[in-house]
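Each chain is listed here by its residues.
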Amino acid sequence: SKTEIFQDITDIIKKDYAGFLDKKLVNCPSDYSITDDMGEKEFVQTVQSYLLDFKDDHLSFVKKNNVIPFKGFKVRRYENALYVTEVQGEDRLQIGDKILTLDGVSIEEFAKENGKILKDYVHERQAWNGVLPSINAITVQRGSDFIELSLKEFDKPAYVHEYSLRSLDPQTVFIKITDFNQGEPIQQLITDNQQALNDAENLIIDVRVNLGGNDLFYLPLCDYIFDRPLNFSELFEQD
């Protein structure tokens, strides 16, 4: 039953979740009402809302065999608009298009009403791509034109990692790393470009899109970031 599933989840949080002590003050299952006769959609949304309180992307709850719609593009927020950053199927949109509303609601108002699912108050870090699957229509500004679009669904392309390095000028090296799941290609990237890294005065590491991974795999980059020896614990704030 739904109440039994929710009880199992709260038990797992208490007994097995590594962050239980750190997040003890935000663990409030009594704030959420679960009944066996509630709808499937409401049940999933309620459990998701409970888990979002922990602000930990490692915690999630989805319906079995659930297929999340993909709308064919990705966005990032800047000020009070969304901007198209990738187009992966939706050929009516272009990179740089400015999105003003989602289902008739302004971006600012939508953020106020759905702050928890956006996961961050910093605009550029908000998780708007997780919102798009539930959106049916958008208002787009392209130059002086305003376009109303009813969104379609597309097959989501397979993820392809990127570990790349290029010199922007003699003093500046740009590195893009989309995950830290593999240590060898990151180390190889550094080895192959050691001279450029040694000579560079400026280092830009682009992790705006990064799916996480193993902390150990980014450590080789630290030699080019810090100008003195550091203990690993010094990389983090006290809390």
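Scroll up to find the structure this text is about.
Rules used throughout
Residues numbered from 1 in each chain as written. Predicted model: local features only at pLDDT ≥ 70, side-chain atom pairs only at ≥ 80, totals over all residues. Heavy atoms only, no water. Pairing = 2+ DSSP bridges. Helix = DSSP H or I, 4+ residues; strand = E, 2+ residues; numbered from the N terminus. Axes fitted to C-alpha atoms, helices over the stretch in contact; angles between N-to-C directions. Contact = heavy atoms within 4.5 Å. Salt bridge = Lys/Arg side-chain N within 4 Å of Asp/Glu carboxyl O. Buried < 20%, exposed > 50% of the residue type's maximum accessible area, 1.4 Å probe, protein only. Arc of directions from axis to C-beta. Phe/Tyr/Trp six-rings, centres within 6.5 Å; stacked < 30°, edge-to-face > 60°. Polar contact = N/O pair within 3.5 Å; in protein donor to acceptor, adjacent residues only side chain to side chain.

## Observations concerning the pairing of strand S2 (residues 81-87)
Step number 1: Bridging between strand S1 (residues 73-78) and S2 involves 6 bridges; their strand directions are antiparallel. Of the residues in S2, the one forming a bridge with Val-75 is Val-84.
Step number 2: The loop that links S1 with its antiparallel partner S2 comprises 2 residues; one of these, Glu-79, has a positive phi angle of about 55°.
Step number 3: Across 2 bridges, the pairing between S2 and strand S3 (residues 98-102) is antiparallel. Bridging across to S3, Leu-82 finds its partner in Ile-99.

## With respect to the sheet that holds strand S8 (residues 172-177)
Step number 1: The 3 strands lie next to each other as S7-S8-S9, forming an open sheet whose pairing is mixed. Unpaired on one side and paired on the other, strand S7 (163-169) and strand S9 (202-206) mark the two borders of the sheet. Put simply, the sheet's adjacent strands are angled 20° from each other on average, direction ignored.
Step number 2: Both S8 and S9 contribute to a ladder of 5 bridges, which runs parallel. Each residue of the ladder has a partner; that of Phe-174, found in S9, is Ile-204.
Step number 3: In the packing of helix H5 (residues 184-192) onto the sheet, contacts are made with S7 and S8, and the angle to S7 comes to roughly 25°.

## A few points about the pattern of salt bridges
Step number 1: All told, the structure shown has 8 salt bridges when counted by the stated rule.
Step number 2: Across the pair Lys-116 and Asp-53 runs a salt bridge whose closest N-O atoms are separated by 2.7 Å. Residue Lys-116 is located in helix H4 (residues 115-118), and its partner Asp-53 is located in the loop between helix H2 (40-52) and S1; the two are separated by 63 residues in the primary sequence.
Step number 3: A salt bridge links Arg-92 to Glu-90; the shortest N-O distance between them is 2.8 Å.

## A closer look at H5
Step number 1: Of all the residues in H5, the buried ones are Ile-186, Leu-189 and Ile-190. Looking straight down H5, one finds its buried side chains confined to an arc of 95°; they lie on one side. Residues Glu-184 and Asp-192 are exposed on H5 and point more than 90 degrees away from its buried face.

## Considerations on the pairing of S3
Step number 1: Here S3 pairs with strand S5 (residues 137-142) via 4 bridges, running antiparallel. Bridging across to S5, Leu-102 finds its partner in Ile-138.
Step number 2: A loop of 2 residues connects S3 with strand S4 (residues 105-106), the two strands running antiparallel in sequence, and Asp-103 in this loop sits at a positive phi of about 50°.

## Structural notes on unusual backbone geometry
For residues that are not glycine, phi is negative in most cases, and the peptide bond is trans in most cases.
Step number 1: Even without glycine at this site, Asp-103 takes up a positive phi of about 50°.
Step number 2: Summarising the element assignment, Asp-103 is placed in the loop between S3 and S4.
Step number 3: On the basis of relative accessible area, Asp-103 is assigned to the partly exposed category, the value being 35%.
Step number 4: Positive phi, close to 75°, is recorded for Lys-119, a residue that is not glycine.
Step number 5: By secondary structure assignment, the location of Lys-119 is in the loop between H4 and S5.

## A few points about the packing of aromatic side chains
Ring pairs (aromatic) are described by centroid distance and by the angle formed between their planes.
Step number 1: Scanning the model with the defined rule gives 8 aromatic pairs in all.
Step number 2: Look at Phe-110 and Trp-128: their rings are 5.6 Å apart centre to centre, the planes differ by 40°, and that puts the pair in the tilted class. Of the two residues, Phe-110 is situated in helix H3 (residues 107-113) and Trp-128 in the loop between H4 and S5; the sequence distance between them amounts to 18 residues. Accessibility classification places Phe-110 together with Trp-128 in one group, the buried group.
Step number 3: Note on Phe-180 and Tyr-218: the rings are 5.8 Å apart at their centroids and 70° apart in plane angle, and the pair reads as edge-to-face. In this pair, Phe-180 is assigned in the loop between S8 and H5 and Tyr-218 in the loop between S9 and helix H7 (219-222), connecting sequence segments 38 residues apart.

## Side note on the side chain of Lys-71
Step number 1: By secondary structure assignment, the location of Lys-71 is in the loop between H2 and S1.
Step number 2: At 3.4 Å, the side chain of Lys-71 and the backbone oxygen of Pro-133 are in polar contact.
Step number 3: Engagement of the side chain of Lys-71 in a polar contact is seen with the backbone oxygen of Ile-135, the distance being 2.4 Å.
Step number 4: Non-local contacts of Lys-71, meaning those with residues more than four positions away in its chain, are made with Glu-90, Leu-132, Pro-133, Ile-135, Leu-151, Lys-152, Glu-153 and Phe-154.

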